[in-house]
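One-letter residues, chain by chain:
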Amino acid sequence: MRHIAIVGSGPAGYYTAEAAAKLWGDDVRVDVFDTLPVPYGLIRTGVAPDHQSIKKVSMRYEKTALTDNVRFVGNVEVGKDVSVGDLQELYDAVIFATGAPHDRQLGLEGEDLGNVIGSAAFVGWYNGHPQFASLAPDLSGRHAVVVGMGNVALDVARILSKTEAEFAGSDIVSHALDALKGSNLETITILGRRGPHQIMMTPKELGELMHLERASPQVEKDDLPPEGDDAILEPGLRKSVTLLRDFAAIPESIHGETPITIGFDFFANPNAFLGDDGKVKAVEVERTTIEKGRAVGTGETYQIPADIVITCIGYRSSPIEGVPFDERAGRFANDEGRILPGLYCVGWAKRGPTGTIGTNRPDGYAVIDLVAEDIGNGSRKRGRDGFDELAEQRGLDIVTFRDWQKIEEAEAAAARDGSPREKFVDIESMIAARG
């Protein structure tokens, strides 16, 4: 019998559990740990609440979670409740699938001003992550700046601009919906250091900006390269740039009819966040030019008014004591998934925050192939039984997948009309809901 511990119950964790169950069948026991009492990681707290079709992938993970040889162990923090050494003594392999839950920092003057918020915190706030539920961003001002040119920046801009009616069918949490209803925003500026040909935005997410009730996207025609230059782009990026050209063609009269303008400011590198009384008021930006694919400052600076700033510039994994960590890359130090004997990583914890949800599937199967090479038939460790004894000794209150299903039922019962659920946003309520 082989005993596998997976730390993290998001896509990378459950794809890895699925791979182990398919390879070894009844000859493996997999325990999937999570700090929260609820599974699915970024599917629950990272995917935009108005993208419910993407969240349906959790049905695949549920199928894996309900098998006899895979178990969810929620409400257990590895590094605090149990150490990595504890898990190594009990399991043949410990695989970190912890994602990248922390914001990268820009390291700019004024980054600590009030209402300058990282996307992990802001997205966690509107998705009901217990760590960020009390964030309370101030949306009373007229101007928002979103730093970044990826899909997370688009998610943030879209959520900021939607009407209450446009959230029908979503699972945005009530505290965020109430705050957004009271928003006074008139401009949302999306800042990018480079140009249209270097964006990381996909056509589907960009296209959604064309269908907002009270907002319209705006691109300056002078920021666009000659149309013939688009021919060298890969097809997905070419479609995205074509949408930017469509935005640039929107008549000014249309912008006058919508209360909110979502403006793209290309070739713009934030230099500093400016404010008074401890709160951000503007972003100082340096105009850039592209040289060999890199953004190079020109020395020309200007200011953009900003009553709130959300930085969407990437994420970092959480270091865990006893596990080598690459500070520069913001992920575990590893060789194709191997960290140290018996220690592995997968997904964003392995490669950094790149790729899609689906990218984690081949990653999960690949790391199980490595584990199979390394552990053979297992080393007769105690695995699940040993952990249960340890948990009892330490008084850990484990939340099982069956418990999670009761929490899920309670969230569905509490949902407002048209919404699939009203998430519990604190751990105590989650645990209480299991009965």
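Further up the page is the structure itself.
1. Some words on the sheet that holds strand 2 (residues 28–34)
- One open sheet holds the 6 strands; their spatial order is 3-2-1-4-19-18, and the pairing between them is mixed. Both outer strands of the open sheet, strand 3 (70–74) and strand 18 (338–340), are each paired with one neighbouring strand and no more. Each neighbouring strand pair of the sheet contributes to a mean axis angle of 25 degrees, computed without reference to strand direction.
- Relative to strand 19 (residues 343–345), strand 4 (residues 93–96) runs parallel, the two being bridged by 3 bridges. Pairing of Val-94 across the sheet is with Leu-343, part of strand 19.
- Helix 13 (residues 360–375) rests against strand 1 (2–7), strand 4, strand 18 and strand 19 of the sheet, and its axis sits at about 165 degrees to strand 19.

2. Brief notes about the sheet that holds strand 12 (residues 279–291)
- Strand order in the open sheet formed by 3 strands is 11-12-13, with antiparallel pairing between adjacent strands. Each end of this open sheet is capped by a strand with a single partner; those strands are strand 11 (268–276) and strand 13 (294–305). Sheet twist, expressed as the average angle between the axes of neighbouring strands with direction ignored, equals 20 degrees.
- Judged from the 8 bridges that link them, strand 11 and strand 12 form a sheet pairing that is antiparallel. In the strand pairing of strand 12, Asn-269 is matched with Glu-286.

3. Notes on the pattern of salt bridges
- For the structure on display, the rule yields 30 salt bridges.
- Salt-bridge contacts for Glu-389 lead to Arg-382; the nearest nitrogen and oxygen are separated by 2.7 Å.
- Across the salt bridge formed by Arg-434 and Asp-403, the nearest N and O atoms sit 3.8 Å from each other. A residue pair is termed long-range when its members are at least 10 positions apart, and Arg-434 in the segment after helix 16 (427–433) and Asp-403 in helix 15 (residues 401–413) qualify at 31 residues.

4. Regarding the packing of helix 6 (residues 119–127) against helix 7 (residues 151–161)
- Relative orientation of the contacting elements helix 6 and helix 7 amounts to 45 degrees, with a least axis distance of 11 Å. Considering the angle they form, helix 6 stands oblique to helix 7. Helix 6 and helix 7 meet at a crossing whose hand is left-handed. Taking contact as the criterion, the partners of Ser-119, Phe-122, Val-123 and Tyr-126 in helix 6 are, on helix 7, Val-152, Asp-155, Val-156, Ile-159 and Leu-160.
- Partitioning the contact of helix 6 with helix 7 into residue classes produces 7 nonpolar, 1 polar and 1 charged.

5. Side note on helix 8 (residues 174–181)
- Ala-176, Leu-177 and Leu-180 are the residues of helix 8 that are buried. Along the axis of helix 8, the buried positions cluster into a sector of 100 degrees, meaning they face one direction only.
- Residues of helix 8 that are buried sit in contact with helix 6 and helix 7.

6. Some words on helix 14 (residues 383–394)
- Its 12 residues give helix 14 an end-to-end C-alpha distance of 17 Å, which sits within 8% of 16 Å, the value for a rise of 1.5 Å per residue.
- Of the positions making up helix 14, those classed as buried are Gly-383, Arg-384, Gly-386, Phe-387, Leu-390 and Ala-391. Viewed end-on, helix 14 has its buried residues packed into an arc of 160 degrees, placing them on one side of the element. Exposed residues lying more than 90 degrees from the buried face of helix 14 are Asp-385, Glu-392 and Gln-393.
- Residues of helix 14 that are buried make contact with strand 1, strand 2, strand 3 and helix 5 (84–90).
- In the stretch just after helix 14, Gly-395 is the one whose phi turns positive, near 70 degrees.

7. Quick notes on the packing of aromatic side chains
- Inspection of every chain in the model, using the stated rule, returns 16 aromatic pairs.
- Seen from their ring centres, Tyr-14 and Tyr-61 are 6.0 Å apart, and the 10 degrees between their planes marks the pair as stacked. Here Tyr-61 lies in helix 4 (residues 58–65) and Tyr-14 lies in helix 1 (residues 11–24), a separation of 47 residues in the sequence.
- Relative accessible area serves as the criterion here: at 0%, Tyr-14 is assigned to the buried category.
- Ring centres of Tyr-15 and Tyr-61 lie 5.2 Å apart, and the angle between their planes is 90 degrees; on these two criteria the pair is classed as edge-to-face. Separated by 46 residues along the polypeptide, Tyr-15 in helix 1 and Tyr-61 in helix 4 bring together distant segments of the chain.

8. Quick word on the side chain of Asp-34
- Mapped onto the elements of the fold, Asp-34 is located in strand 2.
- Despite its burial, Asp-34 remains without a salt bridge, the nearest opposite charge being carried by Arg-44 at 9.2 Å.
- A distance of 2.6 Å separates the side chain of Asp-34 from the side chain of Ser-9, its partner in a polar contact.

9. Digging into the nonpolar core
- Residues Leu-160, Ile-190 and Phe-264 are the most contacted members of the largest nonpolar core, which totals 49 residues.
- In contact with Ile-190, other than residues within four places in its own chain, are Val-146, Gly-148, Met-149, Ala-153, Leu-154, Ala-157, Met-201, Ile-262, Gly-263, Phe-264 and Asp-265.

10. Structural notes on the pairing of strand 13
- The pairing of strand 12 with strand 13 spans 9 bridges and is classified as antiparallel. Paired with Val-283 across the strands is Ile-304, a residue of strand 13.
- As consecutive antiparallel partners, strand 12 and strand 13 are separated by 2 residues, and within that stretch Lys-292 has a phi angle of approximately 55 degrees, a positive value.

Definitions and limits used
Within any chain, residue numbers begin from 1 and follow the written order of that chain's sequence. Reporting of local features is limited, given that this is a predicted model, to residues whose pLDDT is at least 70; pairs of side-chain atoms are given and counted only at 80 or more, and all residues count toward the totals for whole chains, interfaces and linings. Values reported for side chains reflect all heavy atoms of the structure, with hydrogen atoms and water molecules removed beforehand. Two strands are counted as paired when DSSP detects at least two bridges linking them. A run of H or I in DSSP counts as a helix once it spans at least four residues, and a run of E counts as a strand once it spans at least two, with each numbered from the N terminus. Note on method: axes are straight lines fitted to C-alpha atoms, helices fitted across the in-contact stretch only, with angles between N-to-C directions ranging 0 to 180 degrees. Note on contacts: a residue pair qualifies if any of its non-hydrogen atoms lie within 4.5 Å across the two residues. A pairing counts as a salt bridge when a side-chain nitrogen of Lys or Arg comes within 4 Å of a carboxyl oxygen of Asp or Glu. Each angle gets one of four labels, with under 35 degrees taken as roughly parallel, over 145 as roughly antiparallel, 65 to 115 as roughly perpendicular, and the rest as oblique. Whether a crossing is left-handed or right-handed is set by the direction in which the near helix is turned from the far one by less than a right angle, anticlockwise for left-handed and clockwise for right-handed. Gly is placed with the polar residues, together with every amino acid not listed as nonpolar (Ala, Val, Leu, Ile, Met, Phe, Trp, Tyr, Cys and Pro) or charged (Asp, Glu, Lys and Arg). Relative accessibility thresholds used throughout: buried, under 20% of the residue-type maximum; exposed, over 50%; partly exposed, between the two (1.4 Å probe, protein chains only). Summarising the geometry, the arc corresponds to the directions from the helix axis toward the C-beta atoms. Every helix has an expected span of 1.5 Å times one less than the residues it contains. Stacked, tilted and edge-to-face are the three classes applied to pairs of Phe, Tyr and Trp rings, where Trp contributes its six-membered ring and a pair requires centres within 6.5 Å; stacked means planes under 30 degrees apart, edge-to-face means over 60, and tilted covers the rest. In summary, the charge assignment counts Lys and Arg as positive and Asp and Glu as negative, without counting His or the chain termini. Nitrogen and oxygen atoms within 3.5 Å of one another constitute a polar contact, given that in protein one can donate a hydrogen and the other can accept it, and given that sequence-neighbouring residues count only through two side-chain atoms. Residues belong to one nonpolar core when they are buried, are Ala, Val, Leu, Ile, Met, Phe, Trp, Tyr or Cys, and are joined through side-chain atoms within 4.5 Å.

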